[in-house]
Amino acid sequence: MSGIAARVLYPPVKTCINSECAAQALSALLKQEEQRCVVIFTHANGAHHAWSVHLKCQVCHTNYHHNYAVADKTRTYYGGMPSHIQVAEHQFVELELAMQWADLMQIAVSATNCAHLYKIAQARVISTTGHHNKPWQFQSSLTTEEVWDAFVILALLDDHQRRGMQLRVPHMGDQKDRFSVAMRARTEQIIIHGQHELPHACYGCMRVFNSPDGTLRGTEVIVTDGVTVGRPCCAVLRCTSPLTSNRHRFCLEHKKLELVCAVEGCGRPVANDSKTGKSRKACDDPMHVKMEAANTASSRSGKSRTQRKKIATLTNAVEHDLGNIEILPVQDVDEWFEHDIATGAVRLVQASMTTSTGISDLVPSAPESSSCANKDAPTKVKATFRRQRTNNEQLIVRPCGIISGRGTMYHHEAVSNVLILVEKIFSLPRARKPQHMIYDSNCNALREVESRNIDFFRGMGMCVDAFHHKTKHKGSDTYCRERCDMRAYPELLDDEGGFYFNSSIAEQTNVWFGSFHNICREMTPIKYDFFLDEMILRRNRVTVASLHSQGKFPHHPRLL
């Protein structure tokens, strides 16, 4: 190329657009400040060398780049979508390519694998055409971080454009932290106002029917269920404070517990390992030392450190210094230690699988049997030697497939937390309270509603979905059979006596949502919430388009 590139990226303006600048009124042309060598990752033609030209206002000294203007150490992005998104100091991504990556992420293709796919495609083009990029100042290889930043910037620009706002981020500092405040603000926006499709209605989730008294009535249904998707969190029960690092077991508030024995109920200080001199996670109690040794042995078996590191990398952990740290084990399933008092032996026992079934706060677990046969049974003890992860995500889905909202359940799917989530989401200003909530643990939820006299759910039908009611709930449970059966509500049945609404839609949606588990498992809270909310938003857009094609008239009814 001999230093000449085929493409040049200019700012989209030729005059200063700073409303407080005197040069704007004069329409004075901007002056060229500098030009930089850059690399453009294109959708159809691979990586290309190019130049990026910066212009500068001679009066207010605002520096105009291809995507944004810089003034007072702040980047202000122009309105609309740029043809190329700047993802690093000298790297740009073509808009069409960034949109393709966002589409791929909806089917659980991680940023890491998007980068791999691009490298494979580029190698294929080179081998087919024989054209190689000539030496340039910067490498033409794509990184995971550049894919992720393209996704984040695309999502933020799309959000700000729809709200008629301009994206502003710091110009100084590290690229990995540049968009954190804007990402957190978008998450808070969704918490306060709900997902865009919160007020959704269509013929697939709303029904108008003739009531027994002859009047026309409408009914809306939501379905909720939990799915095992989570991120590292503080090991203290009910603590929702973020970790300062994903390598920690406790948040900053509970950091002092690192110096306390990890065995449940033991408040003694941790001891030092006589061989390494490092602090243990257990005290000097011999049984507790054995428990830690059993935990360490379990962590080393099955997956080696190299394998765990590979998994964390391929699942897009989004930790930029991943290569220099040890990938610490996480407790993914319920586990406990059995201590045989007679022999002193300690054994680590792990549950066969993780479930996200609603647990009642009112109904205690069955007590251990006190029969003679269990007198010599090993004592069960719990401990927190490993990092903890949030238990599950709770989705609220309409029978048509629109996702109304989600919530993170930190340590278990308590039905009380599910009730709080539903009430919170459908008390938002744009929401309408549904007439029916379908949930596989609604018998427990209804007991809590009646016991605590929760006014929000008064008059709301609370049924167990058809599948679980028929196959998973005991026939001897009279309360469930009489109070939580969908067949008791004529508006939920069609003219042939079948079910009018799809009561399994939440579980079906969870098949899609659960595929993000490996991508999210090492994300920080900010990136975790941002990514999942964006996936829901994009999924809802696809669903709305499908509902239009089916003639189900998706719309947002005007609130009275």
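Shown above is the structure to which this text applies.
Note that the coordinates shown come from a computational prediction; the quantities given were computed from them, not determined experimentally.

**Student:** Mind laying out empty space enclosed by the protein, listing which residues take part and the relevant values?
**Tutor:** As enumerated under the stated definition, the model contains 3 cavities of 30 Å³ or more in all. For the second largest cavity, the calculated volume is near 80 Å³. Considering the residues around the second largest cavity, the lining is formed by 12 residues, among which Trp 148, Asp 149, Gln 175, Lys 176 and Lys 527 are closest to the centre. Secondary-structure elements contributing two or more residues to the lining of the second largest cavity are helix 4 (144-162), helix 5 (175-178) and helix 6 (180-193). A per-element tally of the lining of the second largest cavity places helix 4 first, with 4 residues. For the lining of the second largest cavity, a count of residues per class yields 4 nonpolar, 3 polar and 5 charged.

**Student:** Any details on the pattern of salt bridges? Residues and values, ideally.
**Tutor:** A full pass over the atoms with the stated rule returns 27 salt bridges. The partner of Arg 386 in a salt bridge is Glu 335, and the shortest N-O contact between them spans 3.8 Å. Of this pair, Arg 386 sits in the loop between strand 16 (379-381) and strand 17 (387-389) while Glu 335 sits in strand 14 (residues 335-339), and the two are 51 residues apart along the sequence. Of the residues examined, Arg 386 reaches a relative accessible area of 8% and is grouped as buried. Residues Glu 450 and Arg 483 are paired through a salt bridge, measuring 2.4 Å at the closest nitrogen-oxygen approach. Residue Glu 450 is located in helix 10 (residues 442-452), and its partner Arg 483 is located in helix 12 (residues 478-483); the two are separated by 33 residues in the primary sequence. On the basis of relative accessible area, Arg 483 is assigned to the partly exposed category, the value being 35%.

**Student:** Describe the packing of aromatic side chains, with residues and values.
**Tutor:** The description of an aromatic ring pair rests on the distance of the ring centres and on the angle between the ring planes. In the structure shown here, the tally under the stated rule is 15 aromatic pairs. Pairing Trp 101 with Tyr 118 gives two aromatic rings, centres 6.4 Å apart and planes at 80 degrees, and the pair type is edge-to-face. Linking Trp 101 in helix 2 (residues 95-105) with Tyr 118 in helix 3 (residues 111-129), this pair joins segments that are 17 residues apart in sequence. Residues Phe 337 and Phe 385 carry aromatic rings whose centres are separated by 5.8 Å and whose planes lie at 90 degrees to one another, so their mutual orientation is edge-to-face. With a gap of 48 residues between them, Phe 337 in strand 14 and Phe 385 in the loop between strand 16 and strand 17 connect regions that are remote in the sequence. Taking relative accessible area as the criterion, Phe 337 reaches 2% and is therefore assigned buried. Of the aromatic side chains, those joined through ring pairs into one cluster are Trp 148, Phe 151, Trp 512, Phe 513, Phe 516, Phe 530 and Phe 531. For the cation-ring pair, Arg 207 lies above Tyr 500, with the distance from its terminal atom to the ring centre recorded as 4.1 Å.

Quick notes on the rules
- Within any chain, residue numbers begin from 1 and follow the written order of that chain's sequence.
- With pLDDT at 70 or above as the cut-off, local features in this predicted model cover only qualifying residues; side-chain atom pairs require 80 or more to be listed or tallied, and sums for whole chains, interfaces and linings still use all residues.
- Computation of side-chain values covers all heavy atoms of the structure but excludes hydrogens and water.
- Any residue with an atom within 4 Å of a point lines the site, the site being either a cavity, points on a 1 Å grid over the protein atoms alone where a 1.4 Å probe fits but cannot get out, or a pocket, an open set with protein on both sides within 12 Å along at least 5 of 7 lines.
- Grid points are joined across faces, edges and corners, and a volume is the space filled by probe spheres set on the points.
- A run of H or I in DSSP becomes a helix once it reaches four residues, and a run of E becomes a strand once it reaches two; helices and strands are each numbered from the N terminus.
- Polarity classes work like this: nonpolar for Ala, Val, Leu, Ile, Met, Phe, Trp, Tyr, Cys and Pro, charged for Asp, Glu, Lys and Arg, and polar for all others, with Gly in that last group.
- We define a salt bridge as a contact between a side-chain nitrogen of Lys or Arg and a carboxyl oxygen of Asp or Glu at a distance within 4 Å.
- Exposed residues in this analysis have more than 50% of their type's maximum accessible area, buried residues have under 20%, and partly exposed residues fall in between, with area computed by a 1.4 Å probe over protein chains only.
- Aromatic pairs are defined between Phe, Tyr and Trp rings, using the six-membered ring for Trp, whenever the two ring centres lie within 6.5 Å; interplanar angles under 30 degrees are classed as stacked, those over 60 as edge-to-face, and all others as tilted.
- In our convention, an over-ring charge means Lys NZ or Arg CZ found within 6 Å of a ring centre and within 35 degrees of that ring's normal.

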